[in-house]
Each structure stands twice: as structure tokens, then as C-alpha cells.
Amino acid sequence: MAATMNVREIALQNCNFIKGDEAFIGENYREAVEFYSKAISEDSTCTEFYTRRSHAYAVLENFPDALKDADTAISLNPQDAKAYLRKGVACYHLKHHEDGKNALEEGVRLDPSNDVLKMWLEKCRHECSMKQEADVTEPATNLAPHLQQPGQQQQQQVKYDWYQTEAYVILTVMLKKQQKEDVAADFSDNSLRFSAKLLSGSDYTLNIDLAHTIVPDQCLFKVLSTKVEVRMKKAEGYHWVALEASKVDPTVHQFHTTTDQQESIRHYPTSHKKPHDWDKLAVEVAKEEKETKLEGDAALNQLFQDIYGEGSDEVRKAMNKSFLESGGTVLSTNWKEIGDGKVDVKPPDGMEFKKWDN
């Protein structure tokens, strides 16, 4: 009796699934959806087909169908962390933030090391907290008139909040129904100058001296229906403890790694008496993973992954073409050799290839 195959192995035996992956990599997302749909029509029990099509739908901004596929994948395999990721992303864009948060929390429980799951979970939690605060906060128009200084026009108060990923700091300004031409953001290395023309006709400005350095050329803002999202690229990849420079604890020092400080150690706030060289530790872990000797099918799969990952475009095309046209019996890296003609099926010695009629 043949050994039971996992979901990934089943998926890789389906030509339409492989073609769908090729179309997705080539950014032909509608074509990818078509191939994934054909794969599903051939086997409606493979969760991998649904998670991939959900991803393609999400890129096409068809979030209702992306959510439907994610729910189907979860019903087929409640232990698939990727299915919860796809549901969380779809729910986030559909503004079902509480459902998205619940799905992503389950995904993180199943795959605690997945940074993408953690990032989307933080985004959903942020939106949930913003909604809770908005529900209990009185409108800014209810502020007492005596707070206004004589001879000074009072600026309408607008809520804002922020969160961060490894590479970006995201500022959310709670301004609804803004037009893009009425919003402006000026970025410098250590500051943000944000302004908007409010629906009331008054001007709103927000000037922030940032706690750390950003890369102005890689910063942008996006005007959404319920908010304005400002994305600032971190100049350094460490965790920000505060958004504003005035709120940074001067006793906590974070070192910058520059070209003149290649030998310096990157430190993070810690109660440990002996600071860790995290860069060195990361190199050692990567080296250990690389030197770990795999055996059997695992070693062979790793070899193929390394060849595909490190190969040129022609090597990848050759591997895909030879594998598809030969029914999985040939894997070539020589595009010049197989690029012009069809790759024939070459079954192992002692075996005969037989084409089954549908």
C-alpha cells in the first residue's frame, strides 16, 4: 500500500495547480484563479487549492470570494495556519476586524513563528481598539467653548494612533471621507508634517518630531473612507518604543549600525546583565540550519528548493517546463536543451508510463 501523501504532495501532482502557481508568480492573477478553480474541480478536498485561490482573489481585491475560500479551507483542515491567515486578511479588508482578529489568533497559535500572521493580527487588533475608543469618545465638537484662547481659532481635535511592523511605522489619522487632494504629508528624516482640509472647511495640522529616523523617499500616505494611513519607512529595523521624540526615555539607548560601526554590537533594551550580540546569534542560527544534514526525501526536496531558489530565470523555466510536460518524470535545469521542444515522459527503469482516460 502506498504511503499517505500530505496536502502539499497532493497539490504538486496536479498540473493545474502548478500552472496556477506559475501564473501567480508571473503576476497573472486572473489566470491563476482559473487554474486553481480547475484544480478544485478535479479535487475539492485539497485545502492548498483553496488557500492559493483565496490569495489570488485577495490580490485582485475580491475579498468576499477570498473569505469564502478561506472558510472552506478551514472546514477541510482546521489545523492549517495558512487558511486562518487568508481569512484574517480578507476580514481585515472587509472591515470585519473582530472576526479577522479571532482567525489570526488561531493561526498564530498553530504557527507561532509566522511573522506575517503576527503582523496582520497586530493590524486587526489595532483596528478593534480604535473602534472601541471611538465608541466611547465624545465628538470633538462637544468641547467646551472656554477652552479656546482669545483671538485664536480652535483646531478641531482628531484622534490618531500608530503601530509598527519590522520595516514600517504606520500612523492612522481618524479623518473620514477625505479627498486625496485635500491631504498632504511632508516627511523629513526626523519629522512628519501632516495637514488636511476638513469637511467643515477648517484646516487640520499634525506636526510630530519623530522618536527615530525614517527614510523620506520611501514614505507615503493613503486616503481611505474612514481614515488616512501614513506609512513611514524605518531607517533602522529596531522596535520603536514611542512615536514622538518627547516620549522617548533618554536612559534607554538604542545603537545604530552604520558603515563606520560595522564592528559595533546592536543592543536592545534588556534586563540581562550581559548584552547579547543578536547579529552574531542570527548568523550562527542560519549557519546551523544550513549545516543540518537532512536525509531521504527531505534532503532531495531541499536540494531542489535550493536549485530553484538560487537559479536564474532560465533555470526556473526549465525546471517548470520539464516537470509539467514529462508528468513529473523529468527535472531539467538546461533551458537551451529543452526550451524548443516538448519534454518526453521518462518513467524509471522497470516501469511503464500509461495514460489513463478520464
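Cut-off values and rules
Residues numbered from 1 in each chain as written. Predicted model: local features only at pLDDT ≥ 70, side-chain atom pairs only at ≥ 80, totals over all residues. Heavy atoms only, no water. Pairing = 2+ DSSP bridges. Helix = DSSP H or I, 4+ residues; strand = E, 2+ residues; numbered from the N terminus. Axes fitted to C-alpha atoms, helices over the stretch in contact; angles between N-to-C directions. Core = buried A, V, L, I, M, F, W, Y, C linked by side-chain atoms within 4.5 Å. Buried < 20%, exposed > 50% of the residue type's maximum accessible area, 1.4 Å probe, protein only. Phe/Tyr/Trp six-rings, centres within 6.5 Å; stacked < 30°, edge-to-face > 60°. Polar contact = N/O pair within 3.5 Å; in protein donor to acceptor, adjacent residues only side chain to side chain. Contact = heavy atoms within 4.5 Å.

Q: Describe the sheet that holds strand E4 (residues 191–197), naming the residues involved and giving the relevant values.
A: The strand order across the open sheet formed by three strands is E3-E4-E5, and the pairing between neighbours is antiparallel. Of all the strands in the sheet, the pair left with one neighbour each is strand E3 (183–188) and strand E5 (203–209). Between one strand and the next, the sheet's axes are offset by a mean angle of 10 degrees, whatever the strand orientation. As paired strands, E3 and E4 are joined by six bridges and run antiparallel to one another. When the sheet's bridge partners are listed, Phe187 is paired in E4 with Leu192.

Q: Describe the nonpolar core, with residues and values.
A: Judged by nonpolar contacts, the single largest core of 24 residues is most densely connected at Phe17, Phe24, Ala32, Tyr36, Phe49, Ala56 and Ala66. Broken down by secondary-structure element, the contributors of at least two residues to this core are helix H2 (15–25), helix H3 (29–42), helix H4 (47–59), helix H5 (63–76) and helix H6 (81–93). Formed by 23 residues, the second largest nonpolar core is a distinct cluster that contains Ala196, Tyr204, Cys219 and Val228.

Q: Describe the packing of aromatic side chains, naming the residues involved and giving the relevant values.
A: Throughout the structure, instances matching the rule amount to five aromatic pairs. Relative to Phe49, the ring of Phe17 has its centre 5.4 Å away and its plane inclined at 40 degrees; by these criteria the two rings are tilted. Residue Phe17 is located in helix H2, and its partner Phe49 is located in helix H4; the two are separated by 32 residues in the primary sequence. Summarising the burial analysis for this pair, Phe17 and Phe49 share the class buried. Geometrically, the ring pair formed by Phe194 and Tyr204 is edge-to-face, given 6.4 Å between the ring centres and 70 degrees between the ring planes. One end of the pair, Phe194, is in strand E4; the other, Tyr204, is in strand E5, with 10 residues separating them in the sequence.

Q: Tell me about the side chain of Asn16, and name the residues and values.
A: Here Asn16 lies in helix H2. Judged by its relative accessible area of 12%, Asn16 falls in the buried class. A distance of 2.8 Å separates a polar atom in the side chain of Asn16 from a polar atom in the side chain of Glu42. Those residues in contact with Asn16 that lie beyond four places of it in its chain are Phe35, Lys38, Ala39 and Glu42.

Q: Let's hear about the pairing of strand E2 (residues 168–173): which residues, and what values?
A: Most of E2 is tucked away, with five of its six residues classed as buried. In this antiparallel pair of consecutive strands, strand E1 (residues 160–164) and E2, the connection spans three residues. Across six bridges, E2 lies against strand E7 (residues 228–233) in antiparallel orientation. For Thr172, the partnering residue across the bridge sits in E7 and is Glu229.

Q: Describe unusual backbone geometry, and please don't skip the residues or the numbers.
A: The phi torsion at Glu27 lies on the positive side, around 65 degrees, for a residue other than glycine. In this structure, Glu27 sits in the loop between H2 and H3. Non-glycine residue Lys177 carries a positive phi angle of around 55 degrees. Tracing the chain through its elements places Lys177 in the loop between E2 and E3. Residue Lys177 is classed as exposed on the basis of its relative accessible area of 63%.

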